[in-house]
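Chains, contacts and geometry: an overview
Chain residues, written in single-letter form:
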Amino acid sequence: MSSPSNSTADTPSNPALDDPFRVPDGRLTPAPDCLRVLSLSGGGYRGLYTARLLARIEASEKFGAGPIGARFDMIAGTSVGGILAAGLAAGVAASELYAMLAQWGPSIFPKLSLRKLQKLLSKKVYAAEPLEAAIVACLDGWAGKTLAEIDKPLMLTTVSWSLGELRLLRSRGLAGDAADTCTLLEAARATSAAPAHFPALMLDDDWHVDGGLAANCPDAHALGEAQRRGVPVRMLGVGTTGVHHKSVPSRLPLRGLYWAQPALDLSMQAQERMAQAICMRELKASYLHLNSEVGGDQQILRDLDMAASDATVALTRLADQRFEALCARADESRRLRFIMGDGEI
């Protein structure tokens, strides 16, 4: 193995990484005091909870004014969180994204007979066309823009099928000349192509599937990208509820087929908790992750593809309750104001 060269003459320069405060046309901007990051988890139709909670924060004078996407310097997301992140980066209000998810949910996830059996045996359960139409509506004219044209720092996760690795799709505002060239619609489809639900998407001669397989909670990867800017990071993460894995040894599955759903729930929760632990260790009081615990009696929220009216009501109620708890907890409220650029810890 040859030793690495000390010369940097042959190394291409990336202006966005060499000087993170150089905007695309070459002008220098004042270095910010901090980088405010919004990171949104995946979870299918449960993303309605995310959109509703963001909409409540957006509408509250207690936490600032204007579209919530404009209050953050960088936005990251996985799966439905990636779709919401793309919409917020396009300047769409969280309240509008909530309304669009509620409107499009039943079309994206129609009622099916033998739904669980279809997930096991079908190539895909749901058609891509309603999902793509919903994404186009959420992007408000930005669907055809390439990530290389977008100045807002944006990161969406997806997984390469052939390489078996997580891929971060990044805008020009985040990666400079190294930004991805796919359209925002393609990026949103790639991050939300959940296996057994939607068909994979071809990007750069490779099939890509849902980023939730490797980073359903993208907080830690968003932190890594943000820290490259060399300024203090403040981060708000938002989850999508779901029934958390809680069990006892006697409930351990004994046959292979019975492992499928528990193993998926377990792996995703372990990954999410690891990501949150990393961010908490690195950022301490500059990090806040908002989510809700769902009781075992709310089975309708266990699956990511339940878009019935009672799921809409339950998710909306949970988000409203979480917002009210946020306002009632002085420490959380103070931390969120600090993260969003107002006040001190």
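Note: the structure precedes this text.
In what follows, the accompanying structure is described. The structure displayed is predicted, hence computed values, not measured ones.

Now for the overall build of the protein chain. Counting its regular elements, the protein chain contains 13 helices and eight strands. By sequence separation, contacts in the protein chain at least 24 residues apart represent 72% of the contacts at least 6 residues apart.

Next up on the list: the nonpolar core. Within the largest apolar cluster, 68 residues are counted, with the highest numbers of intra-cluster contacts made by Leu38, Ile57, Leu88 and Leu236. Residues contacting Leu88, with those up to four places away along its chain left out, are Leu38, Leu40, Leu54, Ile68, Gly69, Ile75, Ala94 and Leu97. With 15 residues, the next largest nonpolar core counts Leu174, Met235, Cys279 and Tyr287 among its residues.

Here Ala90 lies in the loop between helix H3 (80-89) and helix H4 (94-108). Note: C-alpha distance between Ala90 and Gly141 (51 residues apart in sequence) is 8.4 Å. Not counting the four nearest positions on each side in its chain, Ala90 is found in contact with Leu139 and Trp142.

It is worth spelling out H3 at this point. Counting buried residues along H3, 10 of its 10 residues qualify, which places the element largely inside the surrounding structure. Regarding H3, the residues found buried are Val80, Gly81, Gly82, Ile83, Leu84, Ala85, Ala86, Gly87, Leu88 and Ala89. Just downstream of H3, Gly91 is the residue with a positive phi angle, here 90 degrees.

Of all six residues in strand S1 (residues 35-40), six are buried; the element is thus mostly enclosed. A two-sided burial pattern is seen for S1, the buried positions comprising Leu35, Val37 and Ser39 on one face and Arg36, Leu38 and Leu40 on the other. Sheet topology note: the S1/strand S7 (residues 233-238) ladder contains six bridges and is parallel. Its bridge partner lying in S7, Val37 is registered against Met235. Relative to strand S2 (residues 74-77), S1 runs parallel, the two being bridged by four bridges. Bridge pairing in S2 places Leu40 opposite Gly77. Handedness of the β-α-β unit built from S1, helix H2 (residues 47-59) and S2 comes out right-handed.

In the contact formed by helix H6 (residues 128-139) and helix H8 (residues 184-191), the axes pass within 10 Å of each other and the chain directions differ by 130 degrees. In terms of orientation, H6 lies oblique with respect to H8. Crossing handedness for the pair H6 and H8: right-handed. Residues Ala128, Leu131, Glu132, Ile135, Val136 and Leu139 of H6 lie in contact with H8, whose contacting residues are Leu184, Leu185, Ala188 and Arg189.

Right, let's talk about unusual backbone geometry for a bit. Not every positive phi belongs to a glycine, and Ala196 is a case in point at roughly 70 degrees. By secondary structure assignment, the location of Ala196 is in the loop between H8 and strand S5 (201-203). A positive phi is found at Asp204, a non-glycine position, where the angle reads about 50 degrees. On the secondary structure map, Asp204 appears in the loop between S5 and strand S6 (206-210). On the basis of relative accessible area, Asp204 is assigned to the exposed category, the value being 55%.

Parameters at a glance
- Throughout, residues of each chain are indexed from 1 in the direction in which the sequence is written.
- With the structure being a predicted model, the display of local features is reserved for residues of pLDDT at least 70 and the display and counting of side-chain atom pairs for 80 or more, all residues being used for whole-chain, interface and lining totals.
- The side-chain numbers reported here are obtained from all heavy atoms of the structure, hydrogens and water having been left aside.
- Only runs of H or I of at least four residues qualify as helices and only runs of E of at least two qualify as strands under DSSP, and these elements are numbered from the N terminus.
- Contacts were defined at the residue level, with two residues in contact if any of their heavy atoms lie within 4.5 Å.
- Each nonpolar core is a collection of buried residues, namely Ala, Val, Leu, Ile, Met, Phe, Trp, Tyr and Cys, held together in the definition by side-chain atoms within 4.5 Å.
- Between buried and exposed lies partly exposed: a residue is buried under 20% and exposed over 50% of the maximum accessible area for its type, with that area taken using a 1.4 Å probe on protein chains only.
- Should DSSP find at least two bridges between two strands, the strands are taken to pair.
- When the strands point away from the viewer and the path from the first strand over the helix to the second turns clockwise, the crossover is right-handed.
- Here an axis means a line fitted to C-alpha atoms, over the contact stretch when the element is a helix, while the angle between two N-to-C directions is reported on a 0 to 180 degree scale.
- An angle below 35 degrees is read as roughly parallel, one above 145 as roughly antiparallel, one from 65 to 115 as roughly perpendicular, and any other as oblique.
- Crossings are sorted by hand: turned counterclockwise from the far helix by less than a right angle, the near helix makes the crossing left-handed, and turned clockwise it makes it right-handed.

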